[in-house]
Amino acid sequence: MAHADVPRQPRELTGRAVLLILLAFFGVVIVVNVIMARFAVSTFAGVETESSYKAGLAFSAEHRAAEEQVARHWSVNVELASPGNEARVVTIRVLDPSGAPLSQLTPDGRLAHPTDARRDVDLDLKPIGDGRYRATAAAGPGQWDLVIDFAQGGERQFRSKNRVQLP
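Residues numbered from 1 in each chain as written. Predicted model: local features only at pLDDT ≥ 70, side-chain atom pairs only at ≥ 80, totals over all residues. Heavy atoms only, no water.

**Q** Help me understand the overall build of the protein chain, please; the structure alone is not making it clear to me.
**A** Within the protein chain one finds four helices and eight strands. Reading the protein chain from its N end, one meets helices and strands in the order α-α-α-α-β-β-β-β-β-β-β-β. Here the protein chain has a C-alpha radius of gyration of 30 Å; the compact-globule value for 167 residues is 15 Å, and the former is much larger. When its C-alpha atoms are laid out on the principal axes, the protein chain stretches across 105 × 40 × 30 Å. In the protein chain, once contacts between residues fewer than 6 apart in sequence are set aside, the share between residues at least 24 apart is 53%. Entry remark: accessible area of the protein chain is about 12,300 Å², with carbon and sulfur atoms responsible for 57%. When the 19 basic and 19 acidic side-chain charges of the protein chain are each reduced to a single mean position, those positions are 5 Å apart. (Helix = DSSP H or I, 4+ residues; strand = E, 2+ residues; numbered from the N terminus. Rg over C-alpha atoms; globule rule 2.2 N^0.38 Å. Contact = heavy atoms within 4.5 Å. Areas by Shrake-Rupley, 256 points an atom, 1.4 Å probe, with all protein chains shown as cover. Lys, Arg positive; Asp, Glu negative; His and termini not counted. Charge placed at Lys NZ, Arg CZ, Asp CG, Glu CD.)

Dropping the structure here:
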């Protein structure tokens, strides 16, 4: 019991110990920042908007175009097939309100990756008759945005953007 009564001497805090503590602290902070910055740059390409101001100004024109598109009452059916590994076949059929095929349209389309525009795949849609258009593309499995545009006389008549899950 006499041992417990002896007061313990406090450890002296030297300049060397303070230096080591500070170096260890800032070393950990720097390593964590480097790791987080590397993950941030390598996993997300960023928001894909060239000019948010111009996008805001174009909103009313897009809204008007959407109302005109609805008023046309076109029937647009899309079929996605995956015959091979990453091979995708997109077939689109466009009909007017009376059910007649619309074959005189200029098609444009792409499979847009939701988070990385570097992975976007353009669709070379070719008319194959009877209001149908077809393209073959290589796109990996996962979620994609299928963006389809049809124009007539240089003016866009139809736009569709749908999230699809590719096997």
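**Q** Looking at this structure, how should I read the sheet that holds strand β6 (residues 132–138)?
**A** Pairing between the strands of a sheet is mediated by backbone hydrogen bonds and can be parallel or antiparallel. The strand order β1-β2-β6-β5 describes an open sheet built from four strands, whose pairing is antiparallel. Here the strands that pair on one side only, and so sit at the sheet edges, are β1 (75–81) and β5 (126–129). Going from strand to strand, the sheet's axes swing by 25° on average, the running direction of each strand aside. (Pairing = 2+ DSSP bridges. Axes fitted to C-alpha atoms, helices over the stretch in contact; angles between N-to-C directions.)

**Q** Could you clarify how one ought to interpret the nonpolar core in this entry?
**A** One broad trend across soluble globular proteins is that nonpolar side chains are buried collectively. Counting 21 residues, the largest nonpolar core has Ile92, Val94, Leu105, Leu111, Leu123, Trp144 and Phe150 as its most contacted members. Contributions of two or more residues to this core are made by β2 (87–95), β4 (121–123), β6, β7 (142–152) and β8 (155–166). In terms of residues, this core owes the most to one element, β7, which gives four residues. (Core = buried A, V, L, I, M, F, W, Y, C linked by side-chain atoms within 4.5 Å. Buried < 20%, exposed > 50% of the residue type's maximum accessible area, 1.4 Å probe, protein only.)

**Q** Looking at this structure, how should I read the pattern of salt bridges?
**A** Pairing is possible between side chains that carry opposite charge, provided their charged atoms lie close to one another. If you walk through the whole model with that rule in mind, you get seven salt bridges. With a shortest N-O distance of 2.8 Å, Arg156 and Glu62 are connected by a salt bridge. Of this pair, Arg156 sits in strand β8 while Glu62 is found in helix α4 (residues 59–72), placing the two residues 94 residues apart along the sequence. Residue classification places Glu62 among the partly exposed residues on the basis of a relative accessible area of 38%. The shortest N-O distance in the salt bridge between Lys126 and Asp124 comes to 3.5 Å. A residue is classified by how much of its surface remains accessible, and Lys126, at 45% relative accessible area, is partly exposed. (Salt bridge = Lys/Arg side-chain N within 4 Å of Asp/Glu carboxyl O.)

**Q** I keep staring at the sheet that holds β8 and nothing clicks. Help me out?
**A** Pairing is antiparallel across the open sheet formed by four strands, whose spatial order is β4-β3-β7-β8. Only two strands of the sheet have a single partner each, and these edge strands are β4 and β8. The sheet shows a mean angle of 20° between the axes of neighbouring strands, taken without regard to direction. Note that strand β3 (residues 106–112) and β7 share seven bridges and pair antiparallel. Opposite Gly109, over in β7, you have Ile148 as the bridge partner.

**Q** Looking at this model, I keep getting lost on unusual backbone geometry. Mind explaining?
**A** A negative phi angle is the norm for most residues apart from glycine, just as the trans form is the norm for most peptide bonds. Of note in this structure, His73 is not a glycine but carries a positive phi near 60°. The exposure class of His73 is exposed, given its relative accessible area of 54%. Its identity is not glycine, yet Asp130 carries a phi of approximately 60°, on the positive side. Tracing the backbone shows Asp130 in the loop between β5 and β6.

**Q** I tried to follow α4 on my own but got confused; where do I start?
**A** Helical geometry note: an α-helix holds 3.6 residues per turn, so side chains three or four residues apart project in the same direction. Between its first and last C-alpha, α4 extends 20 Å over 14 residues, near the 20 Å set by a 1.5 Å rise per residue. At the exit of α4 stands His73, carrying a positive phi of roughly 60°. (Expected span 1.5 Å × (residues − 1).)

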